[in-house]
Amino acid sequence: MTLLNERQRDVLKEIGNIGAAHAATSLSQLLNKKIDMRVPAVSVVPFHEISEYVGGEDEPVAAVMLKIEGDAPGTMFFMIPIQEANELIRYLTGNSSTDLIDEINGDSESISVSAFNEVGNILAGSYLSSLSDFTGLTLAPTPPASAVDMATAILSYGLIEVSKEMDSALVIDTVITEPDTTIQTMRGHFFLLPDPDSLATIFTSLGVNDYDNDH
Amino acid sequence: MTTIIKVGMADLKLASAPDMLRTSGLGSCIGVIIYDERIRLAGMAHIMLPNSSLARKESMNLAKYADTAVEEVLRLLLDKGASKFRLKAKMAGGAQMFTFKTSNEAMRIGPRNAEAVKEHLTRLQIPIVFEDTGGSSGRTIEFDVNSQVLEIRTVNKGVLHA
């Protein structure tokens, strides 16, 4: 898996680009704010370095996770710092006291949790539908589930399938930011983790399949 | 001087007093510590999957699976002079952090990991003196080889010493 060639790496970056650009547009419309995105990073991360990869220690984040079903299964995460998740849902619900602390306390039926789930659903939906258009593959998201917890612990749920075959994961990471504000800068990550067999499927659909599944 | 030895995901390490063993961000994974208190030697593994039969590849990372990780830590400890009859174990992790409306077997991996680790410790007759498994929170754990105290840190419930 470490032996991605230049074209394959570019294709995966393009996937992060196209997906996140559409998701950023949806978020921008939801918030009525301009949202920028960075050039996607494609990394093959060994499991024992996952913790360092997501920024080290126990800092909690708010995350929405979806499994991708269809031609190229995988897992997708939208992850943002808790403070920014709270601002997002306060803006969307018009309720300035709503807080994802409900999620931490296990009340998954609360309005803040459903609002956050819905944001994740919308963003992941636009990410996946543009990816589906680009590759010609059928990709369907499962209903979203959210958690507020340590980033490593959250991301590990995307590694379960991968871990049956590999000791490292291919992660397509796109960072989105809010350019206008100077005080609070909204900064989120989209993580796409294709299951091992899905990579070959994606490469075939885009005509760059000199990918060797044994590596 | 005390060194904190970090154990990554799907990784295992040994340590002697006064060093500490630490692994962070246990979600569905299990952190298991097997130790000999007389000689102050301990091994920790960060386990991802319940059974090495789930492996679809020939070259295998022993630290990744409950069955092989427990056996490998035991083997390394015995190699370093631990006594089988003095060994004890502590374990934490195996959370179910996401609840999906659709039933998804893969999401039950936390409880399955916990059951598997217990099964193999029991099979190898290593008593489990402390266990903090299940629930819906991620955990970071640190084991003090000298005092054999396990510190468990979660986002919502603070810090526990056991």
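Residues numbered from 1 in each chain as written. Chains lettered and ligands numbered in written order. Predicted model: local features only at pLDDT ≥ 70, side-chain atom pairs only at ≥ 80, totals over all residues. Heavy atoms only, no water.

Caption draft 1: Just the sheet that holds strand 1 (residues 4–6) of chain B, in detail. All names here are of chain B. Spatially, 1-3-8-9-10 is the arrangement adopted by the 5 strands of the open sheet, whose pairing is mixed. If you trace the sheet from one side to the other, it starts and ends with strand 1 and strand 10 (158–161), each paired once. On average, each strand axis in the sheet is inclined to that of its neighbour by 20 degrees, with strand direction left out of account. Examined bridge by bridge, strand 3 (residues 20–26) and strand 8 (residues 139–144) share 5 bridges and lie antiparallel to one another. What sits directly across from M20, in strand 8, is D144. (Pairing = 2+ DSSP bridges. Helix = DSSP H or I, 4+ residues; strand = E, 2+ residues; numbered from the N terminus. Axes fitted to C-alpha atoms, helices over the stretch in contact; angles between N-to-C directions.)

Caption draft 2: Region of interest: helix 1 (residues 66–79) of chain B. Residue and element names in this part refer to chain B. Taking 1.5 Å per residue as the helical rise, helix 1 with its 14 residues ought to reach 20 Å, and the 20 Å between its terminal C-alpha atoms agrees with that figure. Burial in helix 1 covers these residues: A66, D67, T68, A69, V70, E72, V73, L74 and L77. The elements touched by buried residues of helix 1 are strand 2 (12–16), strand 4 (30–36), strand 5 (41–47) and helix 2 (109–123). Two residues or fewer past helix 1, G81 is found with a positive phi of approximately 100 degrees. (Expected span 1.5 Å × (residues − 1). Buried < 20%, exposed > 50% of the residue type's maximum accessible area, 1.4 Å probe, protein only. Contact = heavy atoms within 4.5 Å.)

Caption draft 3: View of the nonpolar core. The biggest cluster of nonpolar side chains holds 49 residues, and the ones touching the most others in it are F47, M79 and I154 of chain A together with F143 of chain B. Sort the elements by how many residues they give to this core and helix 6 (residues 151–155) of chain A lands first, with 4 residues. For M79 of chain A, the contacting residues outside a window of four places in its chain are V61, A62, A63, A151, I154, L155, R187, G188, H189 and F191 of chain A. The next biggest cluster of nonpolar side chains, apart from the first, holds 45 residues, and it includes L4, V11, M76 and V119 of chain A. (Core = buried A, V, L, I, M, F, W, Y, C linked by side-chain atoms within 4.5 Å.)

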